[in-house]
Number of protein chains: 2
Amino acid sequence: MNRHFINPTAVLRLVGLILMMLGAGMVFTVIVAFIFADGDQWGITLSMAITLVLGFSMWKFLPGEMDLTARDGFAAVTFGWLGMSIVGALPYLFTGAIPCVTDALFESASGFTTTGASILTDIESLPHGILFWRSFTHWIGGMGIIVFSIAILPFLGVGGMQMFKAEAPGPTADKLTPRIRGTAEILWGVYVLVSAAQAALLMFGGMDWFDSLCHTFGTVATGGFSTKNTSIAFYQSPYIHYVITVFMFIAGINFSLHFWAIRGRPGKYLESPEFKFYALMIGISVVILSALNLFRGQPFEPAFRDAAFQTCAIATTTGYATADFELWQPLAQVWLVSLMLIGGMAGSTGGGMKTARAMILLRQARVELHKMVHPETIYPIRIGRKSVSNEIVQNILAFFQLYVMIAIFATLFMAALGLDLVTSLTSVIACMSNIGPGLGEVGPTDNYAAIPMVGKWMLTFLMIVGRLEIYTVFVLLTKTYWSR
Amino acid sequence: MNRHFINPTAVLRLVGLILMMLGAGMVFTVIVAFIFADGDQWGITLSMAITLVLGFSMWKFLPGEMDLTARDGFAAVTFGWLGMSIVGALPYLFTGAIPCVTDALFESASGFTTTGASILTDIESLPHGILFWRSFTHWIGGMGIIVFSIAILPFLGVGGMQMFKAEAPGPTADKLTPRIRGTAEILWGVYVLVSAAQAALLMFGGMDWFDSLCHTFGTVATGGFSTKNTSIAFYQSPYIHYVITVFMFIAGINFSLHFWAIRGRPGKYLESPEFKFYALMIGISVVILSALNLFRGQPFEPAFRDAAFQTCAIATTTGYATADFELWQPLAQVWLVSLMLIGGMAGSTGGGMKTARAMILLRQARVELHKMVHPETIYPIRIGRKSVSNEIVQNILAFFQLYVMIAIFATLFMAALGLDLVTSLTSVIACMSNIGPGLGEVGPTDNYAAIPMVGKWMLTFLMIVGRLEIYTVFVLLTKTYWSR
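Residues numbered from 1 in each chain as written. Chains lettered and ligands numbered in written order. Predicted model: local features only at pLDDT ≥ 70, side-chain atom pairs only at ≥ 80, totals over all residues. Heavy atoms only, no water.

(A) Spatial organisation of the overall build of chain A. When its secondary structure is counted, chain A shows 20 helices and 2 strands. Taken over the C-alpha trace, chain A has a radius of gyration of 22 Å; the compact-globule value for 484 residues is 23 Å, and the two agree within 12%. By principal-axis analysis of the C-alpha atoms, chain A measures approximately 70 × 65 × 55 Å. Counting all 484 residues of chain A, 63% fall into the buried class. Taking the contacts inside chain A whose residues are at least 6 apart along the sequence as the reference set, 72% of them involve residues at least 24 apart. For chain A, the distance from the average site of its 28 positive side-chain charges to the average site of its 27 negative ones is 13 Å. (Helix = DSSP H or I, 4+ residues; strand = E, 2+ residues; numbered from the N terminus. Rg over C-alpha atoms; globule rule 2.2 N^0.38 Å. Buried < 20%, exposed > 50% of the residue type's maximum accessible area, 1.4 Å probe, protein only. Contact = heavy atoms within 4.5 Å. Lys, Arg positive; Asp, Glu negative; His and termini not counted. Charge placed at Lys NZ, Arg CZ, Asp CG, Glu CD.)

(B) Geometry of the pattern of salt bridges. Taken as a whole and judged by the stated rule, the model has 12 salt bridges over all chains. Close ionic contact of Arg305 of chain B with Glu301 of chain B constitutes a salt bridge, the shortest N to O distance being 2.8 Å. One end of the pair, Arg305 of chain B, and the other, Glu301 of chain B, are both in helix α13 (residues 300-315), 4 residues apart, so they sit about a helical turn from each other. The exposure class assigned to Arg305 of chain B is buried, which follows from its relative accessible area of 10%. Given the relative accessible area of 33%, Glu301 of chain B is considered partly exposed. As a salt-bridge pair, Glu469 of chain B and Arg357 of chain B come within 2.7 Å of each other at their nearest N and O atoms. You can see Glu469 of chain B sitting in the loop between α18 (453-467) and α19 (471-474) and its partner Arg357 of chain B sitting in helix α15 (residues 355-373), a full 112 residues away along the chain. One continuous salt-bridge network, built from bridges that share partners, spans Lys354, Arg357 and Glu469 of chain A. (Salt bridge = Lys/Arg side-chain N within 4 Å of Asp/Glu carboxyl O.)

(C) View of the relation of the copies chain A and chain B. When chain A is fitted onto chain B, the two copies agree to an RMSD of 0.0 Å after a turn of 180° and an axial shift of 0.0 Å. Between the two chains, the operation in question is that of a two-fold axis. Take the interface residues of chain A: 100% of them recur as interface residues in chain B, which is what a same-surface contact looks like. (Least-squares fit on C-alpha atoms with pLDDT ≥ 70 in both.)

(D) Structural detail: the interface of chain A and chain B. Counting residues at the interface gives 49 residues for chain A, matched by 49 residues for chain B. Counting across the interface, chain A meets chain B through 0 salt bridges. Sorting the residues of the side of chain A that touches chain B by element identifies α3 (70-88), α14 (330-342), α15 (355-373), α16 (390-416), α17 (421-432), α19 (471-474) and α20 (479-482) of chain A as the ones contributing at least two each. Examining the composition of the side of chain A that touches chain B, we find that 16 residues originate from one element, α16 of chain A, more than from any other.

(E) Here's a closer look at the packing of aromatic side chains. Throughout the structure, instances matching the rule amount to 59 aromatic pairs over all chains. Geometrically, the ring pair formed by Phe249 of chain B and Tyr278 of chain B is stacked, given 5.2 Å between the ring centres and 25° between the ring planes. Remark: Tyr278 of chain B occurs in helix α12 (residues 273-295) and Phe249 of chain B occurs in helix α9 (residues 238-251); sequence separation between them is 29 residues. Tyr278 of chain B sits in the buried class, given a relative accessible area of 0%. The rings of Phe28, Phe36, Phe112, Phe132, Trp133, Phe136, Trp139, Tyr191, Trp209, Phe210, Phe217 and Phe255 of chain A are connected pair by pair, giving a single aromatic cluster. The lysine or arginine in question, Arg134 of chain B, covers the ring of Phe225 of chain B, its NZ or CZ lying 3.9 Å from the ring centre. (Phe/Tyr/Trp six-rings, centres within 6.5 Å; stacked < 30°, edge-to-face > 60°. Lys NZ or Arg CZ within 6 Å of the ring centre and 35° of its normal.)

(F) A look at the packing of helix α16 (residues 390-416) of chain B against helix α17 (residues 421-432) of chain B. Residue and element names in this part refer to chain B. Close contact between α16 and α17 brings their axes to 8 Å; oriented N to C, the two are set at 130°. Looking at the two axes, α16 sits oblique to α17. Here the hand of the crossing between α16 and α17 comes out right-handed. Residues Tyr403, Ile406, Ala407, Ala410, Thr411, Met414 and Ala415 of α16 lie in contact with α17, whose contacting residues are Ser424, Leu425, Ser427, Val428, Ile429 and Met432. When grouped by side-chain class, the residues that make up the contact of α16 with α17 number 10 nonpolar, 3 polar and no charged. (Axes fitted to C-alpha atoms, helices over the stretch in contact; angles between N-to-C directions. Parallel < 35°, antiparallel > 145°, perpendicular 65-115°, else oblique. Left-handed = near helix turned anticlockwise from the far one by under 90°. Nonpolar A, V, L, I, M, F, W, Y, C, P; charged D, E, K, R; others polar.)

(G) Main features of a nonpolar patch on the surface. All names here are of chain A. Side chains of Val27, Phe28, Ile31, Ile35, Met203 and Trp209 sit close together on the surface and give an oily, nonpolar patch of about 550 Å² of accessible area. The biggest single contributor to the nonpolar patch is helix α1 (residues 8-36), with 4 residues. Examined against the element boundaries, Trp209 turns out to sit in helix α8 (residues 209-220). Here Trp209 falls in the partly exposed class, since its relative accessible area comes to 36%. (Patch = residues over 30% accessible without salt bridge, like charges linked within 9 Å, V, L, I, M, F, W, Y side chains within 5 Å. Areas by Shrake-Rupley, 256 points an atom, 1.4 Å probe, with all protein chains shown as cover.)

(H) Local environment of the environment of Phe295 of chain B. Tracing the backbone shows Phe295 of chain B in helix α12. Linking Phe295 of chain B and Gln329 of chain B, residues 34 residues apart in sequence, is a C-alpha distance of 9.7 Å.

(I) Geometry of the environment of Ile180 of chain A. Residue and element names in this part refer to chain A. Structurally, Ile180 is set in helix α7 (residues 176-204). For the pair Ile180 and Ile150, spaced 30 residues apart in sequence, the C-alpha to C-alpha distance is 8.9 Å. Each residue touching Ile180, except ones within four places of it in the same chain, is listed here: Val147, Ala151 and Ile152.

(J) Focus on the packing of α12 of chain B against helix α14 (residues 330-342) of chain B. Residues and elements named next belong to chain B. Viewed as axis vectors pointing N to C, α12 and α14 meet at an angle of 165°, and their least axial separation amounts to 11 Å. By the angle between their directions, the pair α12 and α14 is classed as roughly antiparallel. Crossing handedness for the pair α12 and α14: left-handed. Between α12 and α14, the residues in contact are Met281, Ile284, Ser285, Ile288, Leu289 and Leu292 and Leu331, Ala332, Trp335, Leu336, Leu339 and Ile342, respectively. For the contact of α12 with α14, the residue count by class is 11 nonpolar, 1 polar and no charged.

(K) Structural view of helix α10 (residues 255-262) of chain A. All names here are of chain A. When we look at burial in α10, the residues that qualify are Phe255, Ser256, Leu257, His258 and Phe259. N-cap assignment for α10: the residue whose side-chain oxygen lies 2.9 Å from the backbone N of Ser256 is Asn254. Phi turns positive, to about 90°, at Gly264, one or two residues after α10. (Polar contact = N/O pair within 3.5 Å; in protein donor to acceptor, adjacent residues only side chain to side chain.)

(L) Structural detail: the environment of Ala200 of chain B. With respect to the helices and strands, Ala200 of chain B occurs in helix α7 (residues 176-204). Sequence separation of Ala200 of chain B and Leu68 of chain B is 132 residues, and the distance between their C-alpha atoms is 40 Å.

(M) Expanded view of the confidence of the model for chain A. All names here are of chain A. Averaged over every residue, the pLDDT of chain A is 87; residues scoring 70 or more account for 93%. Below a pLDDT of 50 lies the segment residues 159-167, which in the model reaches 27 contacts outside its immediate sequence neighbourhood of four places, other chains included. Every residue in residues 170-175 is under pLDDT 50, and counting partners more than four places away or in other chains gives 11 contacts. Our summary of model confidence lists the complex with pTM equal to 0.83 and ipTM equal to 0.75. (pLDDT = per-residue confidence, 0-100.)

(N) Molecular detail of helix α18 (residues 453-467) of chain A. Residue and element names in this part refer to chain A. Between its terminal C-alpha atoms α18 stretches 21 Å, which fits the 21 Å expected from 15 residues at 1.5 Å a residue. Burial within α18 is extensive, with 11 of its 15 residues counted as buried. Among all positions in α18, only Gly455, Lys456, Met458, Leu459, Thr460, Leu462, Met463, Ile464, Val465, Gly466 and Arg467 are buried. Of the residues one or two after α18, Glu469 is the one with positive phi, at around 55°. (Expected span 1.5 Å × (residues − 1).)

Structure representation (structure tokens):
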């Protein structure tokens, strides 16, 4: 069927289905809560019940066929993430861990968008069930984003990611649902495998099973929630720092490539020009930050370790911290803010604008200069052996422009609330790029508790906008989208 | 002749011609210096002699025909501005007003690019000849930029300004030289007329002829050099503030429109969609900043006056100050930084990205959202009754991207010198957008004296890059440009 208008009940039924799956996943949190029995178990159980009932009702009692077109996809994804963020706030509210609705929603959205920005001031005082839930929202969000970026985005024809269409594993059906299901199952297998490997390695390093799981969730989803007030700096063991560094690096890679590696074709990594760009960017950053750390008088091993950790934490938009980079040189700070903008690979759990877009933007800039000299010549942009269509280039330029414009408007908004320039700017970038820590009042050793309430709403909105690659959300704000 | 390579001697001969004209113009400065006889007269006379001899030698003794193609235009403009900046530094050096070469070049480039950033800490202690020269470089630079943006840029096919080709007055010859000459003569007439009007109005308000001329130069060129340490805040008279506000507003308008107004067709202003956008932007800004000033407890008239003055000073990239906006609310500060990025109208003496580009970027963002929903539909971008070609849109998107990328790299560079984030970022924006004051260590009551030497070189480069709309300079850095 070739509908040319949105099917709202089908979208809501799909959101109901997503909530049912989320509710089912909550059972792990309930189990953990009952194991520790810190007093949060009933609040979490109630949240699970409500989520299941709500999801089931939406799916069962709303009329209409589950027949979705690409156009419905935008609404389904946006409302899916919004729905998860809303019910995900229930455990915080019902257990009293976060009594304020704005704060609970901020924390929940920060989890599902794998941002890792927190309004909590004393994390370690929280009951185990809530801590687990907090990290678990990252893991679910990471799962969601892999499917979103590899299976759904190319189908919607959004964000210039069409070029990666061919790279997605799984059946290449033309209908939305079977294709997504097939790809999702394969990628989730990879995701679970990577997670299991990290959790095992962390436990091997002496971390208990609870913290290992929570930090694994935060790492593979490039989220950044920790169970410790001082984040990863809590752990003295260089081994643990290195394990998390490596898995942050892995989480910033397109999961399709991991799929091929597991299937015995690790050569696919080096065949990917985007991977080479990503690895080079990380490599250069580690060298620069190591040098700066040495210059500040750190001994060699910690200088390298902090540089590698902080590079991966920021470039993959995880946001974990082993060091307070607000005390680093201004160059290191501006460098890290620049990495925030670029972010991880397309098809990873990382946020930001994505290395794929950064590559094309860099090449496009060169092409424009050549075109000045030879206006009549056509310069195709190539990424590896593929040439990138003009349409995709224009789309990426527009994405970049939209990103910067939204950042400017949002910074104005935050500044209007009385926040200083650095806090306004970096809180916006850190949330829209799904990183977590910024600079100023939201630096790596601070949190978002002191941001005024409307500022938290704005940042929550930005987290979802950034996570869904802007277009997916903004398209819903156009009149065209809703008209027939 | 259809050469496909650059003609270096013709370019240098043209630069020689520009220097001769500049040398001839220096006679006014020599006269002023002799009137006041502060001891700087011989240094300035020597500078004039060197400029004339150098220009004449280049023009006379270099071989080759003065036969220039569009391609040569890029080099001619870039080296022309560079050449003016270099000989323009001589008066500072020979009189000992600025003994350091880096500083003298910074001040000179800041003058000719109409930036208005200064390394001087005590302006009022300078001899009159030097003060006059400093402001005069603005005026010459403003003249140059009007011709550059209205006559040369469209001819080079650069920067998406082709759409304004039709708006330029004068003969529409296809050869570079006659067209430029014809347009230049007309526009300079308008420029002189506007300048004379402002100088007369300032003198009418009680300012002496010397300060009136210097401040007129700084205003109509949207430069910002003052003869007073405290800039326009030195003057208590609201009348003077309002005169300068109005003329900054005028200087930010496309001078072709003034030409038509003088020719009896003032309706052309309102026919221009870019003018409406520009006026609306200024109007909104005055309302917002007035409200913020009232909120801070200022009485109504000064609140409005400061808001109008500061809006025009920043939006037109003049950079004069009647108030220290670093003491204003964060919203006002971020708002002013955003205005810095947009700048004045194309074809004005204002810097920044230009309102024409901002308009098209805003419309393009909306088009991209519509395209998500209806990928098959073509949405033409219209500015007024004209539709903008896809090529121009892509060029403007690329310009925006290049602008932001250069700003990020330059900010990294400045931060590497140890400057804090706010100073690094706003010094880069203030110089590349040709404004002058930024925030932090380069705020409206500070100056650029404390910036490390290599930082001054970088900012000098950025002033020229920004003034010549990026492409003109960057195209010279490509291999394609120099190859046959």
